[in-house]
Amino acid sequence: MAAMRYCPSCKRDVMPERSYSLGIFFLLLLLAVVPGIIYLVWGLIKGNCCPICHTPEKMMEGPRFGNNGDFSRGPC
């Protein structure tokens, strides 16, 4: 399970998700092995991203408001 991250583009804590589909991977693997393997490598290299704006996880910071997304550690 991925940890919460702060997305600077959305300005909110999000749970990064993978940016490729396992269904498409298996379909490509069944139809043609080489495109399926290329898609898998591309998905692994690209990594996780923000589910809202698709900012790469490498550009995200640690969570700002705690692990559950509330304002318990906010500025107030």
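Undergrad: Any chance you could break down helix H2 (residues 33-46) for me, citing the residues and the numbers?
TA: When the terminal C-alpha atoms of H2 are compared, their 20 Å separation across 14 residues agrees well with the 20 Å that a helix rising 1.5 Å per residue should span. Residues Gly-36, Tyr-39 and Gly-43 constitute the buried set of H2. Here the buried residues of H2 occupy an arc of 60° about the axis, which is enough to place them on one side. Across H2 from its buried face, at more than 90 degrees, point the exposed residues Val-34, Ile-38, Leu-44 and Ile-45.

Undergrad: I'd like a description of a nonpolar patch on the surface, backed by residues and values.
TA: A surface patch of nonpolar side chains, about 370 Å² in accessible area, is lined by Val-33, Ile-37, Val-41 and Ile-45. By the secondary structure assignment, Val-41 is in helix H2. What makes Val-41 partly exposed here is its relative accessible area of 42%.

Undergrad: Go over the pattern of salt bridges with me, naming the residues and quoting the values.
TA: Taken as a whole and assessed by the stated rule, the structure comprises one salt bridge. Among the salt bridges present, the one from Glu-57 reaches Arg-5, with a minimum N-O distance of 3.9 Å. Placement of the pair is Glu-57 in the segment after strand E4 (48-49) and Arg-5 in strand E1 (residues 5-7), with a sequence separation of 52 residues. We classify Glu-57 as partly exposed; its relative accessible area is 22%.

Thresholds, definitions, all that
Residues numbered from 1 in each chain as written. Predicted model: local features only at pLDDT ≥ 70, side-chain atom pairs only at ≥ 80, totals over all residues. Heavy atoms only, no water. Helix = DSSP H or I, 4+ residues; strand = E, 2+ residues; numbered from the N terminus. Expected span 1.5 Å × (residues − 1). Buried < 20%, exposed > 50% of the residue type's maximum accessible area, 1.4 Å probe, protein only. Arc of directions from axis to C-beta. Patch = residues over 30% accessible without salt bridge, like charges linked within 9 Å, V, L, I, M, F, W, Y side chains within 5 Å. Areas by Shrake-Rupley, 256 points an atom, 1.4 Å probe, with all protein chains shown as cover. Salt bridge = Lys/Arg side-chain N within 4 Å of Asp/Glu carboxyl O.

Read these as geometric descriptors, not functional statements.
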